[in-house]
Amino acid sequence: MCSTMPLLERDIERYLVRRTIEHGGVAYKWVSPGRVGVADRIVLLTGGVVWFVELKTATGRLSPWQKVFAAEMRRMRMNYIVIKSKEEVDQWFLTRSKKCRS
C-alpha cells in the first residue's frame with residue numbers, strides 16, 4: 001500500500017526559495033526579535049517588487065498574531081500572501097509573470 005505523506009511547511013518553503021531563485025529573485029528568511037507573527041519570508045523580485053510571504057500546510061491556519069500582521073500589511077498596502085502548497089507557489093509566479101507582460 002502506497003500513501004503519500006502530506007507536505008510539511010518546510011517543503012513548501014524550500015520550493016518557494018528554489019522557484020524564487022529561478023525567477024531571478026531572493027527569498028530571505030525573516031525573524032524579527034521581539035515581534036511575533038511576521039511572515040516567514042521576504043521575497044525580493046526583479047523590478048523592485050517586494051512580497052511578504054507566509055507559508056502554511058494545506059490545513060494550516062494563521063495564528064492570532066499572524067492575522068494582526070496580515071491586517072497591518074493590508075492597511076499599509078504591502079504585498080502579502082499566504083501560500084499553502086507547491087501548486088500555489090507555481091500559480092503565484094504565473095500570476096506575477098502575466099502582470100509583468102501586460
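In case you missed it, the structure is sitting above this.
These numbers come from a predicted model, not from an experiment.

Pairs can form between side chains of opposite charge whenever their charged atoms are close. Evaluation of the coordinates by the stated rule reveals eight salt bridges. The closest approach of N and O atoms between arginine 14 and aspartate 11, which form a salt bridge, is 3.9 Å. With arginine 14 and aspartate 11 both in helix 1 (residues 9-22) and three residues apart, this pair spans about one turn of that helix. Given a relative accessible area of 55%, arginine 14 falls into the exposed group.

Even without being glycine, arginine 77 reaches a positive phi, approximately 60°. Summarising the element assignment, arginine 77 is placed in the loop between helix 2 (64-75) and strand 4 (80-83).

The next thing to look at is helix 2. Its twelve residues place the ends of helix 2 17 Å apart at the C-alpha level, agreeing with the 16 Å of an ideal helix rising 1.5 Å per residue. Within the span of helix 2, buried status applies to Gln66, Phe69, Ala70 and Met73. The buried residues of helix 2 occupy an angular sector of 100° when the element is viewed end-on, so they sit on one face. Residues of helix 2 that are exposed and angled more than 90 degrees away from the buried face: Pro64, Trp65 and Arg75. Tucked into the core, helix 2 has its buried residues touching strand 3 (49-55) and strand 4. Arginine 77 sits one or two residues past helix 2 and shows a positive phi near 60°.

Definitions and limits used
Residues numbered from 1 in each chain as written. Predicted model: local features only at pLDDT ≥ 70, side-chain atom pairs only at ≥ 80, totals over all residues. Heavy atoms only, no water. Salt bridge = Lys/Arg side-chain N within 4 Å of Asp/Glu carboxyl O. Helix = DSSP H or I, 4+ residues; strand = E, 2+ residues; numbered from the N terminus. Buried < 20%, exposed > 50% of the residue type's maximum accessible area, 1.4 Å probe, protein only. Expected span 1.5 Å × (residues − 1). Arc of directions from axis to C-beta. Contact = heavy atoms within 4.5 Å.

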